[in-house]
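Topology and contacts: notes
Below, each chain spelled out in residue letters.
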Amino acid sequence: MVYIFGNWKCNPTNLKKAKEIFYTIEKNFKGNKKVNVAVFPPFVFLNSLNSEKVKKGAQDVFWEKQGAFTGEISPLMLKDAGCRYCLVGHSERRYIIGENNEIIEKKLRSCLENKIVPILCFGEREKVSFGKVKIEIKEQLKFLINYKSFKNVILAYEPVFSIGTGLVCDTSHINDVLNFLKNELNIKYKVLYGGSLNSKNCQEILEKCDINGFLVGGASLKTREFLKIIEIAEKYAKSKEK
Ligand code: PEP
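Now for a look at the structure at hand.

Rules behind the numbers
- Residues numbered from 1 in each chain as written.
- Predicted model: local features only at pLDDT ≥ 70, side-chain atom pairs only at ≥ 80, totals over all residues.
- Heavy atoms only, no water.
- Helix = DSSP H or I, 4+ residues; strand = E, 2+ residues; numbered from the N terminus.
- Buried < 20%, exposed > 50% of the residue type's maximum accessible area, 1.4 Å probe, protein only.
- Areas by Shrake-Rupley, 256 points an atom, 1.4 Å probe, with all protein chains shown as cover.
- Lys, Arg positive; Asp, Glu negative; His and termini not counted.
- Charge placed at Lys NZ, Arg CZ, Asp CG, Glu CD.
- Near = heavy atom within 4 Å.
- Polar contact = N/O pair within 3.5 Å; in protein donor to acceptor, adjacent residues only side chain to side chain.
- Nonpolar A, V, L, I, M, F, W, Y, C, P; charged D, E, K, R; others polar.
- 1 Å grid on protein atoms, 1.4 Å probe; cavity = no way out; pocket = protein on both sides within 12 Å on 5 of 7 lines; lining within 4 Å.
- Points joined across faces, edges and corners; volume = space filled by probe spheres on them.
- Phe/Tyr/Trp six-rings, centres within 6.5 Å; stacked < 30°, edge-to-face > 60°.
- Pairing = 2+ DSSP bridges.

1. Quick look at the overall build of the protein
The number of helices and strands found in the protein is nine helices and eight strands. When the backbone C-alpha atoms are referred to their principal axes, the protein occupies close to 50 × 45 × 30 Å. The buried share among the 242 residues of the protein stands at 51%. Total accessible area on the protein is roughly 12200 Å²; 49% of this is exposed by carbon and sulfur atoms. Within the protein, one finds 40 positive and 27 negative side-chain charges whose respective centroids are separated by 5 Å.

Encoded structure:
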């Protein structure tokens, strides 16, 4: 199974466009057991986008179920809006909004307690030596290492220098990170890759890295491009079955 998840970020600016993107994907994706497609639209569009084939996730969540928390969206609200997944710790929330690991851990726990699968994003901020990358990643994933009993977490490795820059990460570096997780941190969750992914570079990453799929940002808003990525993932998954 290859996961193709689309993070719409703070786009588009109106429901008409959101529906256009969502239902174009929904109409053209046949739906099958080889590819799991989900999109992560802004909160306000969630209730208006519904499909059996294309799943939904949220871009963020608050850790309490309800109460006096102005502006926040609770896990119960996300469940009610049909969300199966939720991004947690995206680098834009870490470095633009200022979320720290303590907040991220609370959000992750809140998802798990409420049966939403968290997509925990992590990745180094800058191109530095691999030794420094390991220290940064270990710090970001500390609570997974301490609590091995977490189930149903999906990780998304997103080196910040690759997000929205067109600088897709080297496959050898992705493999180094995947090996570090497995062999040194003993973290065995599914891992997606994210960072300037498009229909031209996704095949190489699928072939060269032991990755479970992708978290796609910018390209997930371009329906033809997103559908092409899905098609490539389908072909890849089929070829693996033979
Ligand atoms: C993201 O925001 O998760 C992301 C991977 O963005 P992009 O694909 O645009 O680099």
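We are not done yet, so read on.
2. Here's the deal with the site of the ligand
Around the ligand, a shell composed of 14 residues is seen, among which Lys9, Glu158, Gly164, Ser196 and Gly218 lie nearest. One of the side-chain N or O atoms of Asn7 is found 3.4 Å from an oxygen atom in the ligand. In the environment of the ligand, an oxygen atom lies 2.8 Å from a nitrogen or oxygen atom belonging to the side chain of Glu158. When the ligand is considered free in solution it has 300 Å² of accessible area, and contact with the protein chains removes 95% of it. Counted by class, the shell around the ligand contains three nonpolar, nine polar and two charged residues.

3. A look at empty space enclosed by the protein
Over the atoms rolls a probe the size of a water molecule, and its path tells where empty space is left. Using the criterion set out here, one finds one cavity of 30 Å³ or more in the structure. A volume near 40 Å³ is recorded for the largest cavity. In this structure, the largest cavity is lined by Gly89, His90, Ser91, Arg94, Tyr95, Cys121, Phe122, Gly123, Gln140, Glu158 and Val160. The element contributing the most residues to the lining of the largest cavity is helix H3 (residues 91-97), with three residues. Here the lining of the largest cavity is composed, by residue class, of four nonpolar, five polar and two charged.

4. Examining the packing of aromatic side chains
Applying the stated criterion to the full structure yields ten aromatic pairs. A centroid spacing of 5.6 Å and a plane angle of 80° characterise the contact between Tyr3 and Phe5, whose relative ring orientation is edge-to-face. Its relative accessible area of 0% is what places Phe5 among the buried residues. The interplanar angle of 55° and the centroid separation of 6.5 Å between the aromatic rings of Tyr157 and Tyr193 together place this pair among those described as tilted. With Tyr157 in strand S6 (residues 154-157) and Tyr193 in strand S7 (residues 190-193), this pair connects stretches of sequence that are 36 residues apart. By relative accessible area, which is 0% here, Tyr193 ends up buried. Aromatic ring contacts, followed pair by pair, group Tyr3, Phe5, Phe40 and Tyr85 into a single cluster.

5. Topic: the environment of Ser162
Structurally, Ser162 is set in the loop between S6 and helix H7 (171-184). Remark: the alpha-carbon pair of Ser162 and Arg125, spanning 37 residues in sequence, is separated by 9.3 Å.

6. Examining the pairing of strand S5 (residues 117-122)
Most of S5 sits inside the fold, with six of its six residues counted as buried. Residues Val117, Ile119 and Cys121 line one face of S5 and the alternating positions Pro118, Leu120 and Phe122 line the opposite face, and both faces are buried. In the sheet, strand S4 (residues 85-88) pairs with S5 via four bridges, with the strands oriented parallel. Bridging from a neighbouring strand, Cys86 pairs with Pro118 of S5. Direction of pairing for S5 relative to S6: parallel, over a ladder of four bridges. Bridge pairing links Cys121 to Ala156 in S6.

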